[in-house]
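# A look at the structure
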There are 2 protein chains.
Amino acid sequence: MLDKEIMEKLAALVGQDNILTGKMDRLTYSYDATADLPRQMPDVVVLPTDSNMVQAIVRFARKHRIPIYPRGAGTNLSGGTVPIKQGIVLSFQKMNRILDVDPANLTAVVQPGVVIGALNAAVAPHGLIYPPDPGTVATATMGGSAAENSGGLRGLKYGVTKNYIMGMEVVLANGDKVRFGGKTVKNVTAYDFATLFIGSEGTLGIITELTAKLIPAPRFRRTMTGAFSTLADAGNAVAGIIAAQVIPATLEIMDRMTIQTVENFAHIGLPTEAEALLLIEVDGMSADLVQAETEAVIQVVRDNHGDLCTAETDQERDQLWTARRNALPALASLNNTVILEDATVPRSRITDMLVACEQIGKKYNLALGTFGHAGDGNLHPTILCDKHNKDEMARMHQAVDEIFQVALEFGGTLSGEHGIGMAKMRYLGNELGESGLNLIRTIKESLDPDYLLNPGKMVPAHEV
Amino acid sequence: MLDKEIMEKLAALVGQDNILTGKMDRLTYSYDATADLPRQMPDVVVLPTDSNMVQAIVRFARKHRIPIYPRGAGTNLSGGTVPIKQGIVLSFQKMNRILDVDPANLTAVVQPGVVIGALNAAVAPHGLIYPPDPGTVATATMGGSAAENSGGLRGLKYGVTKNYIMGMEVVLANGDKVRFGGKTVKNVTAYDFATLFIGSEGTLGIITELTAKLIPAPRFRRTMTGAFSTLADAGNAVAGIIAAQVIPATLEIMDRMTIQTVENFAHIGLPTEAEALLLIEVDGMSADLVQAETEAVIQVVRDNHGDLCTAETDQERDQLWTARRNALPALASLNNTVILEDATVPRSRITDMLVACEQIGKKYNLALGTFGHAGDGNLHPTILCDKHNKDEMARMHQAVDEIFQVALEFGGTLSGEHGIGMAKMRYLGNELGESGLNLIRTIKESLDPDYLLNPGKMVPAHEV
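Because the structure is predicted, anything quoted here is derived from the model rather than measured. (Residues numbered from 1 in each chain as written. Chains lettered and ligands numbered in written order. Predicted model: local features only at pLDDT ≥ 70, side-chain atom pairs only at ≥ 80, totals over all residues. Heavy atoms only, no water.)

### Side note on the overall build of chain A
Here is the rule: Segments assigned H or I by DSSP are reported as helices when at least four residues long, segments assigned E as strands when at least two residues long, and all are numbered from the N terminus. Within these notes, the globule rule equals 2.2 Å times the number of residues to the 0.38 power, and the radius of gyration is based on C-alpha atoms. Burial classes follow relative accessibility: with a 1.4 Å probe on protein chains only, a residue under 20% of its type's maximum area counts as buried, one over 50% as exposed, and anything between as partly exposed. Between two residues, a contact is recorded if the distance between any of their heavy atoms is within 4.5 Å.
When you go through chain A residue by residue, the secondary structure sums to 15 helices and 18 strands. Relative to its length of 464 residues, chain A is compact, with a C-alpha radius of gyration of 22 Å against a globular reference of 23 Å. Taken along its principal axes, the extent of the C-alpha atoms in chain A is 70 × 60 × 40 Å. Per-residue burial over chain A gives 63% buried out of 464 residues. Here the analysis covers contacts within chain A between residues at least 6 apart in sequence; of these, 72% occur between residues at least 24 apart.

In structure tokens, the structure reads:
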């Protein structure tokens, strides 16, 4: 706990309006959306109003060796924002202005606290979109999603956050403020700092401004589902769609347990007897192309013994999307602890991975459902358990270990979009080896030698 | 010059077949495609055959404090491969195997010495392309273009090299070999190392393997030119095309001097009276969409008083592309020194930048032509001079200084695609400030504290 004098100095530095010290406030900032992780109240929450204030806070924290935990909306799923070593939570809710929308350059400049959905609402009148589309788009912030390199439902065709951040202002742990990148489409001046800070989970610097790339909104779309009686058929359909050179905007999968749970939750007529359901959306600038892609998808689904259903109205489409977006809350409603994993494999191993997850669930006698971004190979095996059941929690941990082991054996990675945070640090060496761990530490310690920024996350290290 | 004992040890380490020490050989590696830079012969050229040999060379060089200069085909345009501090040139011509083409995952795995064009030839039978398309695609290597983050003619729609490298194996200056990324479409495991090494100009590590992303080849395309009687009309047409929500695969510009020079060189009937020529190609998966985009482009060109010409046959298309690709060799044929710059501005400032370049050419009484990627804001102002004319060379240097000053004033950057290398180090502080320079040095020194890798490039620093 910071002593009274330090707290008074900090309050004087940022102003009483921008600091929260009450227990209820601090409790609110003691966790994020990740299950099964320790919680920790920060000593204090600061709400900076501009980048100069961020700089002043960093310098203050550095002088007094206080950890800083930057935080957007706290929606992240790997413990990235838990202030595990106390100190200061830096919450960006007051830095939430869209500074510039520039249709001629297809860019927007935003403060880190801007909600992704708010940016999309602001650029929609220009016929533009900001494509990265995490499930939490209605609450997650631009700063947080940049720090986590968020993916989402449209990643297959449109890419992830790092493909849409062109420039940044960052406050470094040494107190320097640096700007790089900007509105130019191409930029190879010095190292690609913007991409280094994207996905760095707040461990290298604090993002205080972002220049985002926008694209014209697709004018046409078609949404379909394919219900399959085996996981293999569904996996082959995913491969077949790509082999037909159709890149859908969205290509999602739910297994039987997820389908049944969502249907019980939302009552929208999902095929509860199916082993797997694909949710497919093609979009584009041409009605003809979208029609041609729709027909190609239909053919592939049928060739793989799938039962096809097309959304004929916006209402039907919305219902399907609601089903998909409800997968996590529906599963979460079944028990008090929902372990949402993020194992990712090359697209060609999707079927193998789905089968492996099912088998692991059975092996450890767990309620395990899998859904996710089939087109990306980015699956979310989800385990429901009772945190008061020690035996079940132990089996869950074994199952999770095995899921990651299998994902790596299939040429996959520990995290497709949720990040490493606190949740996956212990697996990092399995993927990157000792030389990879050293590389992580080298980069971290070059920019933040005192482990001031988001300590306890991503970097399994020599911490102070 | 390395002493005899060191040379003998190095020869024993890599084998006599993999080492070049003759003067003619070393002379061949003393320069690259950049004009007006010092040349320097290396002490020795080593041609590694695998990544273990690269690792052994790095460890040897580290022990004896010998600089290492990694080199692809030497096509780069910022002095990136000149062995300015002598030492070892590491030339990847023997590591030129395509290790894997995987249509199901839309990936290819290659050694760094693979020529970009060779990769495209290998994936074409699968209906796939590797989109990055620098002018030197027929000779430039995958390793070199990754190290330089090459752009090219298709950057506007398809992006640049960093958008297409999914994984890497790298040998670090400390001798560690690290692999990261791979065939998964999404990957947020630890920092985004692949993108850190892309565009690092060989100063952070030596790339020994690359996993590249492929995409389905577009099935339809239309190529057009628009000739304009003012630079402003041409610039407005560029803006108008984007405003019409058409993102062409290519949107190139040539000014009057470039048009006339290319026409004198290639005799293909270019409009030599025009002030500016746009070369526009739209492509896609749908004949209808390509037709609709073609019509939109035609309308914009006419609205801006342009004279439109459409390539009706493949031969006519090839001629137009030959014209564009001849811009540099044609200009280069006019005098003994061709200074090819790479100033890049936000797309909305293209007209301003074209006019500024023309004025700067006049102000300093120089033969200055500008061509480049108008859709990207990535222009190549090109100055022709006689290296024996000291006064002209001095005026050229003043003009170049002024071009970069103006580009930065317009919100642009020092380099869109050629890199910093030796050529632009002195300008870096103007764009990034002192805190930015410190950030560059911090990253460099964390991975290569002894300035072993490509010293004298990009990092304006405390060198040993």
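Having seen the model, we can carry on.
### A few points about the interface of chain A and chain B
The condition that has to hold: As used here, buried area is the combined drop in accessible area, with a 1.4 Å probe, of two parts when they are placed together. For this analysis, a salt bridge means a side-chain nitrogen from Lys or Arg found within 4 Å of a carboxyl oxygen belonging to Asp or Glu. Counted as a polar contact is a pair of N or O atoms within 3.5 Å, where, for protein atoms, one must be capable of donating a hydrogen and the other of accepting one, and residues adjacent in sequence contribute only when both atoms are in side chains.
Taken together, the contacts link 83 residues of chain A with 83 residues of chain B. Counting each side, the surface lost to burial between chain A and chain B is near 6200 Å², with a carbon and sulfur contribution of 62%. Counting the surface chain A buries against chain B, the share from its top three residues, A:Lys186, A:Val188 and A:Tyr191, is 15%. Along the contact surface separating chain A from chain B lie six salt bridges. Put simply, B:Asp376 and A:Lys186 hold a salt bridge, and the shortest N to O gap is 2.8 Å. Counting across the chain A and chain B interface gives 32 residue pairs in polar contact (both at pLDDT 80 or more).

### Structural notes on empty space enclosed by the protein
Counted only if it meets this: Buriedness for pockets is judged along seven lines, at least five of which must meet protein on both sides within 12 Å for an open set on the 1 Å grid over protein atoms alone, while cavities are sets there where a 1.4 Å probe fits but cannot get out, and lining residues have an atom within 4 Å of a point. Grid points are joined across faces, edges and corners, and a volume is the space filled by probe spheres set on the points. Three classes are used, and their members are as follows: Ala, Val, Leu, Ile, Met, Phe, Trp, Tyr, Cys and Pro are nonpolar, Asp, Glu, Lys and Arg are charged, and the others, Gly among them, are polar.
Per the counting criterion, the structure on display carries four cavities of 30 Å³ or more. Considering only enclosed or pocket space, the second largest cavity measures out at about 50 Å³ in volume. Looking at the second largest cavity, the residues that line it are A:Lys162, A:Asn163, A:Thr195, B:Lys162, B:Asn163 and B:Thr195. Of the residues contributing to the lining of the second largest cavity, the split by class is no nonpolar, four polar and two charged.

### With respect to the packing of aromatic side chains
Put simply, the test is: For this analysis, a ring pair means two rings from Phe, Tyr or Trp (six-membered ring only for Trp) whose centres lie within 6.5 Å, classed as stacked if their planes differ by under 30 degrees, edge-to-face if by over 60, and tilted for the remaining angles. Whether a charge lies above a ring is judged from NZ of Lys or CZ of Arg, which has to be within 6 Å of the ring centre and within 35 degrees of the ring normal.
By the definition in use, this model includes 10 aromatic pairs over all chains. Relative to A:Phe193, the ring of A:Phe180 has its centre 5.4 Å away and its plane inclined at 50 degrees; by these criteria the two rings are tilted. One end of the pair, A:Phe180, is in strand 9 (residues 177-181); the other, A:Phe193, is in helix 7 (residues 193-197), with 13 residues separating them in the sequence. A:Phe180 gets classed as buried once you look at its relative accessible area, which sits at 5%. Taking relative accessible area as the criterion, A:Phe193 reaches 2% and is therefore assigned buried. Counting every residue linked through ring pairs, the aromatic cluster contains A:Phe180, A:Tyr191, A:Phe193 and A:Phe197. Positioned over the ring face of B:Tyr31 is B:Arg39, at 4.2 Å from the centre of the ring.

### Examining the domain arrangement of chain A
Residues and elements named next belong to chain A. What counts here: Domain segmentation is taken from an automatic or database assignment of domains.
The domain architecture assigned to chain A consists of domain 1 (4-91), domain 2 (98-216) and domain 3 (218-314). The C-alpha-based centres of domain 2 and domain 3 are spaced at 30 Å. Facing seven residues of domain 2, the contacting portion of domain 3 comprises 11 residues. Buried surface at the junction of domain 2 and domain 3, both sides included, amounts to about 740 Å², of which 60% is carbon and sulfur. Broken down residue by residue, the surface that domain 2 buries against domain 3 is led by Leu 153, Leu 156 and Lys 157, which jointly contribute 65%. It is helix 6 (residues 155-158) that provides the largest number of residues to the side of domain 2 that touches domain 3, a total of three residues. Taken together, the residues of the side of domain 2 that touches domain 3 sort by class into five nonpolar, no polar and two charged.

### Points about the relation of the copies chain A and chain B
Going by this rule: For this overlay, a least-squares fit was computed on C-alpha atoms, restricted to residues scoring pLDDT of at least 70 in both copies.
Turning chain A through 180 degrees and shifting it by 0.0 Å along the axis lays it on chain B, with an RMSD of 0.0 Å. Taken together, the rotation and translation describe the operation of a two-fold axis. Taken together, the interface assignments show that 100% of the residues at the interface of chain A recur at the interface of chain B, consistent with an identical surface on both copies.

### A few points about the UniProt feature "domain: FAD-binding PCMH-type" (unreviewed entry) in chain A
Put simply, the rule is: UniProt positions are given in the numbering used here, feature names are shortened, and annotations may be inferred rather than shown by experiment.
The positions UniProt marks with the feature "domain: FAD-binding PCMH-type" (unreviewed entry) are residues 38-217 of chain A. Summarising residues 38-217 of chain A: 21% helix, 26% strand, and an end-to-end C-alpha distance of 41 Å.

### Structural notes on the sheet that holds strand 2 (residues 44-46) of chain A
Residues and elements named next belong to chain A. Our working definition: Strands are labelled as partners when DSSP assigns at least two bridges between them. Simply put, an axis is a line fit to the C-alpha atoms, just over the touching stretch for a helix, and the angle between two N-to-C directions goes from 0 to 180 degrees.
Read across the sheet, four strands follow the order 1-2-4-3 without closing on themselves; strand pairing throughout is mixed. With partners counted over all chains shown, the strands left at the sheet margins are strand 1 (19-20) and strand 3 (68-71), one partner each. Both strand 2 and strand 4 (residues 88-91) contribute to a ladder of three bridges, which runs parallel. Each bridged residue has a counterpart across the sheet, and for Val 44 the counterpart in strand 4 is Ile 88. Contacts from helix 1 (residues 4-14) reach strand 1, strand 2 and strand 4 within the one sheet, and its direction differs from that of strand 2 by about 10 degrees. Contacts from helix 3 (residues 51-64) reach strand 2, strand 3 and strand 4 within the one sheet, and its direction differs from that of strand 4 by about 170 degrees.

### A look at the packing of helix 13 (residues 350-363) of chain A against helix 14 (residues 390-409) of chain A
All names here are of chain A. Applied cut-off: An angle counts as roughly parallel when it lies under 35 degrees, as roughly antiparallel when it exceeds 145, as roughly perpendicular when it falls between 65 and 115, and as oblique in every other case. If you view the pair so one helix is near and one far, a crossing is left-handed when the near helix is turned anticlockwise from the far one by less than a right angle, and right-handed when it is turned clockwise.
Two numbers describe how helix 13 lies on helix 14: the axes approach to 10 Å, and their chain directions differ by 160 degrees. On the basis of their axis angle, the class for helix 13 and helix 14 is roughly antiparallel. Crossing handedness for the pair helix 13 and helix 14: right-handed. On helix 14, the residues that touch Met 353, Ala 356, Ile 360 and Lys 363 of helix 13 are Ala 399, Glu 402, Ile 403, Val 406 and Ala 407.

### As for the pattern of salt bridges
Residues and elements named next belong to chain A. What the rule picks out here adds up to 48 salt bridges over all chains. For Lys 157, the salt bridge identified is with Asp 283, shortest N-O distance 2.8 Å. Of this pair, Lys 157 sits in helix 6 while Asp 283 sits in strand 14 (residues 276-284), and the two are 126 residues apart along the sequence.

### Remarks on the environment of A:Met168
Residues and elements named next belong to chain A. Within the fold, Met 168 resides in strand 8 (residues 165-172). Assessed through its relative accessible area of 3%, Met 168 is described here as buried. Separated by 186 residues in sequence, Met 168 and Leu 354 have C-alpha atoms that sit 38 Å apart. Beyond its immediate sequence surroundings of up to four residues, Met 168 is in contact with Val 178, Arg 179, Phe 180, Ala 194, Phe 197, Ile 198, Ile 207, Glu 209 and Leu 210.

### With respect to the side chain of A:Asp233
Residues and elements named next belong to chain A. Put simply, the rule is: Counted as positive: Lys and Arg. Counted as negative: Asp and Glu. His and the chain ends are not counted at all.
Its location among the elements puts Asp 233 in helix 8 (residues 231-243). Despite its burial, Asp 233 remains without a salt bridge, the nearest opposite charge being carried by Arg 256 at 12 Å. Beyond its immediate stretch of four places on either side in the chain, Asp 233 contacts Phe 228, Asn 304 and His 305.

### Side note on the packing of helix 1 (residues 4-14) of chain B against helix 3 (residues 51-64) of chain B
Residue and element names in this part refer to chain B. Two numbers describe how helix 1 lies on helix 3: the axes approach to 10 Å, and their chain directions differ by 165 degrees. Here helix 1 lies roughly antiparallel to helix 3, going by the angle between them. Relative to helix 3, the crossing made by helix 1 is right-handed. For the pair helix 1 and helix 3, contact is made by Ile 6, Lys 9, Leu 10, Leu 13 and Val 14 and by Met 53, Ala 56, Ile 57, Phe 60 and His 64, respectively. Counted by class, the contact of helix 1 with helix 3 contains eight nonpolar, one polar and one charged residues.

### Concerning the environment of A:Trp321
All names here are of chain A. Within the fold, Trp 321 resides in helix 11 (residues 314-325). In this structure Trp 321 comes out as buried when scored by relative accessible area, which is 10%. As for Trp 321 and Ile 242, which are separated by 79 residues in sequence, their C-alpha atoms are 22 Å apart. Setting aside its immediate chain neighbours within four residues, Trp 321 contacts Leu 153, Thr 223, Thr 250, Leu 279 and Glu 281.

### Focus: the state of the cysteines
Applicable threshold: In what follows, a disulfide is any cysteine sulfur pair within 2.5 Å.
If you walk through the whole model with that rule in mind, you get zero disulfides over all chains. Left unpaired, B:Cys357 is separated from the closest cysteine sulfur, that of B:Cys385, by 15 Å.

### Considerations on the pairing of strand 5 (residues 98-102) of chain B
Residue and element names in this part refer to chain B. In this structure, strand 5 lies alongside strand 6 (residues 107-110), joined through four bridges in antiparallel fashion. If you follow Asp 102 over to strand 6, its bridge partner there is Thr 107. Hairpin remark: strand 5 followed by strand 6, antiparallel, with four residues in the connecting loop; positive phi at Leu 106, about 55 degrees.

### Quick notes on the sheet that holds strand 8 of chain A
Residues and elements named next belong to chain A. Read across the open sheet, the five strands follow the order 5-6-10-8-9; overall the sheet is antiparallel. A strand with exactly one partner marks an edge of an open sheet, and here the two such strands are strand 5 (98-102) and strand 9. Here the strands of the sheet are splayed against their neighbours by 15 degrees on average, with no regard to which way each runs. Alignment of strand 8 against strand 9, held across five bridges, turns out to be antiparallel. In the strand pairing of strand 9, Val 170 is matched with Val 178. Here helix 4 (residues 116-123) sits on the sheet and contacts strand 5, strand 6 (107-110) and strand 10 (205-213); the angle it forms with strand 5, its principal contact strand, is near 40 degrees.

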